[in-house]
Amino acid sequence: MNKNIAVIKGDGIGPEIVTEAIKVLDKVCAKFGHSFKYTDVLMGGCAIDATGVPLPQETIDICLASDSVLLGAVGGQKWDTLPGNLRPEAGLLGIRGALKLFANIRPAKLLAPLASACPLKKEITDSGLDLVIVRELIGGAYFGEKKTYTDDKGVKHASDLMTYADYEVERICRVAFDMARKRRGKVHSVDKANVLDSSRLWREISHKVAAKYPDVEFSDILVDNCAMQLVRNPGQFDVLVTENLFGDILSDEASMITGSLGMIPSASLGETSLGLYEPIHGSAPDIAGQNKANPIATILSAAMMLKYSFDMSAESDAIENAVTAVLNEGYRTADIMSDAAGLKCVSCTEMGDLIASRI
Ligand code: NAD
């Protein structure tokens, strides 16, 4: 199969980790007889330096014309003092909106070889930790009206409007219920319906969608309780569906209990097969350029691309199995290294080489 992939390497460790993911994708092509064409496009800090804006129109056009988009990470101190709409992160929000990617899928699974990297007690994770967060991505407070002003008494105010329409809640809930049907058949809808109107609408619509999936076990959970339950008993969760801001926070929490930010991939999907695939971590400026970054989250994001955008399940499984094999053999990047016996610390490029060689 021939596929066109737009590649946003971005800033910091972005170029290093994306290079390793492409190495692995190339090995998949060689093994399975596919051909992937990669087109590099600019977004984030590097786009600001080259063009003055974080998301050039050319990037949007090339992404829209591609079969899928692979992204490293954007951002860094150099651009931190720019106004919000000109910061690298504005590129991230912009590309999600421009490609109409309303669903962010973040699996958090504790892999057996990394059990010792989990900060939770063993008795908590003994019942397993394998959940998916389905986060609404282009609504809520991140996209609502923003205002900063000083009133006539000289007091400064700022607000971010958290707003949702019924159809936005409905379509993201459908993604969650469809996913639960392919997993363990359980959905928790996360909201703050005891306080927020937007959450009360969320609850009303999620219940309507749940009624269409009688085979899926469904419950509501308040976001504060959910944050607590994720460290108390994460094994109770299968699919969590929630709005943008809550999902941003909970998914970082969920990823951390699996051991390392460097392990967790994500997929952002819309109504078509065009998706954007990226690790959930940032550009890690503290280790950029040192060949120390863990490329696994980006490599697993490429695996998600094969499954969700290209319908290549066997190829996707081959990548996941290669990652597990390399971890089982004791290879670790510095972020997931421990003093357990038999572990070997490897660089970013060595980890990419090892995974590619096990495909
Ligand atoms: P970060 O995720 O970049 O780093 C947090 C910590 O985790 C750092 O110590 C870093 O070294 C480590 N880390 C992250 N990814 C790693 C990997 N693959 N391998 C090994 N260690 C890894 O978060 P931050 O430091 O808060 O943010 C840095 C920059 O990234 C900021 O400019 C922020 O805005 C941006 N950011 C971008 C994205 C994105 O592109 N999607 C997401 C989050 C943050």
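Everything numeric here is computed off the predicted structure, so don't read it as measured data.

Student: Quick one: what's the story with the state of the cysteines, residue by residue and with numbers?
Tutor: Working definition: the covalent bond between the sulfur atoms of two cysteines is a disulfide. Tallied over the full model, the rule gives zero disulfides. Lacking any disulfide linkage, C29 is separated from the closest cysteine sulfur, that of C63, by 19 Å. Accessibility expressed as a relative area gives 9% for C29, which makes it buried. In this model C63 remains outside any disulfide bridge; the closest cysteine sulfur is found in C46, 12 Å from its own. By relative accessible area, C63 is classed as buried at 0%.

Student: Please set out the side chain of K3 residue by residue, giving values where relevant.
Tutor: Note on placement: K3 falls in strand β1 (residues 2–10). Among buried Asp, Glu, Lys and Arg side chains, K3 stands out as unpaired, with D67 the closest opposite charge at 4.7 Å. Sequence-distant contacts of K3, that is, excluding residues within four places in its chain, are made with S35, F36, K37, D67, F310 and M312.

Student: Which residues make up the site of the ligand, and what are the values?
Tutor: In the vicinity of the ligand there are 20 residues, among which E89, G282, A284, D286 and N294 approach most closely. Here V74 contributes a backbone N or O atom positioned 2.9 Å from an oxygen atom of the ligand. E89 places a polar side-chain atom, nitrogen or oxygen, 2.3 Å from an oxygen atom of the ligand. With the chains in place, 69% of the 800 Å² that the ligand exposes on its own is no longer accessible. Across the shell around the ligand, the residue classes tally to nine nonpolar, seven polar and four charged.

Student: Would you mind going over empty space enclosed by the protein in detail, with residue names and values included?
Tutor: For the coordinates displayed, the defined rule picks out one cavity of 30 Å³ or more. Computed from the structure, the largest cavity encloses a volume of approximately 40 Å³. Every residue along the wall of the largest cavity is listed here: Y164, V190, D191, S198, S199, W202 and E243. Counting residues per element, the ones that place at least two in the lining of the largest cavity are β8 (186–191) and α7 (197–211). With three residues, the single largest contributor to the lining of the largest cavity is α7. Class assignment of the residues belonging to the lining of the largest cavity gives a composition of three nonpolar, two polar and two charged.

Student: Tell me about the sheet that holds strand β10 (residues 239–242), and name the residues and values.
Tutor: If you walk across this open sheet you meet the 10 strands as β2-β1-β3-β12-β11-β4-β5-β10-β8-β9, and the pairing is mixed. Strands with a single pairing partner mark the edges of an open sheet, and in this sheet they are β2 (35–40) and β9 (217–222). This sheet shows a mean twist of 25° between the axes of neighbouring strands, independent of strand direction. Note that strand β11 (residues 265–269) and strand β12 (residues 275–279) share five bridges and pair antiparallel. Bridged to A267 within β12 is Y277. The sheet contacts of helix α9 (residues 244–256) involve β4 (103–109), β5 (130–136), β8 and β10, and relative to β5 the element is tilted by about 155°. Along the sheet, helix α10 (residues 296–308) makes contact with β1, β2, β3 (68–73), β4, β11 and β12, crossing β11 at roughly 35°.

Student: A description of the layout of surface pockets should follow, citing residues and the corresponding values.
Tutor: Here the largest pocket is characterised by a volume of approximately 1000 Å³. Around the largest pocket, the lining comprises 34 residues; the ones closest to its centre are P107, V132, M304, K307 and Y308. Of all the secondary structure elements, the ones that give two or more residues to the lining of the largest pocket are β4, β5, α6 (166–181), β11, α10 and α11 (313–328). In terms of residue class, the lining of the largest pocket is built from 18 nonpolar, five polar and 11 charged.

Student: Can you break down the domain arrangement of the protein chain residue by residue, with the values?
Tutor: Looking at the assigned domains, one finds that the protein chain contains domain 1 (1–109 + 263–359) and domain 2 (119–257). Each partner contributes residues to the interface: domain 1 has 18 residues there, and domain 2 has 21 residues. For the pairing of domain 1 and domain 2, the buried interface totals around 1700 Å² over both sides, and the portion due to carbon and sulfur atoms is 65%. When the area that domain 1 buries against domain 2 is broken down by residue, the three leading residues are F102, R106 and A108, summing to 39%. For the interface between domain 1 and domain 2, the tally reads one salt bridge.

Student: Residues and numbers for the side chain of Q229, please.
Tutor: Relative to the elements of secondary structure, Q229 occurs in helix α8 (residues 223–232). Classification of Q229 by relative accessible area gives buried; the value is 11%. A distance of 3.0 Å separates the side chain of Q229 from the side chain of R232, its partner in a polar contact. What Q229 contacts, discounting residues up to four positions off in sequence, is I221, P234, Q236 and F237.

Cut-offs applied
- Residues numbered from 1 in each chain as written.
- Predicted model: local features only at pLDDT ≥ 70, side-chain atom pairs only at ≥ 80, totals over all residues.
- Heavy atoms only, no water.
- Disulfide = S-S within 2.5 Å.
- Buried < 20%, exposed > 50% of the residue type's maximum accessible area, 1.4 Å probe, protein only.
- Helix = DSSP H or I, 4+ residues; strand = E, 2+ residues; numbered from the N terminus.
- Lys, Arg positive; Asp, Glu negative; His and termini not counted.
- Salt bridge = Lys/Arg side-chain N within 4 Å of Asp/Glu carboxyl O.
- Contact = heavy atoms within 4.5 Å.
- Near = heavy atom within 4 Å.
- Polar contact = N/O pair within 3.5 Å; in protein donor to acceptor, adjacent residues only side chain to side chain.
- Areas by Shrake-Rupley, 256 points an atom, 1.4 Å probe, with all protein chains shown as cover.
- Nonpolar A, V, L, I, M, F, W, Y, C, P; charged D, E, K, R; others polar.
- 1 Å grid on protein atoms, 1.4 Å probe; cavity = no way out; pocket = protein on both sides within 12 Å on 5 of 7 lines; lining within 4 Å.
- Points joined across faces, edges and corners; volume = space filled by probe spheres on them.
- Pairing = 2+ DSSP bridges.
- Axes fitted to C-alpha atoms, helices over the stretch in contact; angles between N-to-C directions.
- Domains from an automatic or database assignment.
- Buried area = accessible area lost by both parts, 1.4 Å probe.

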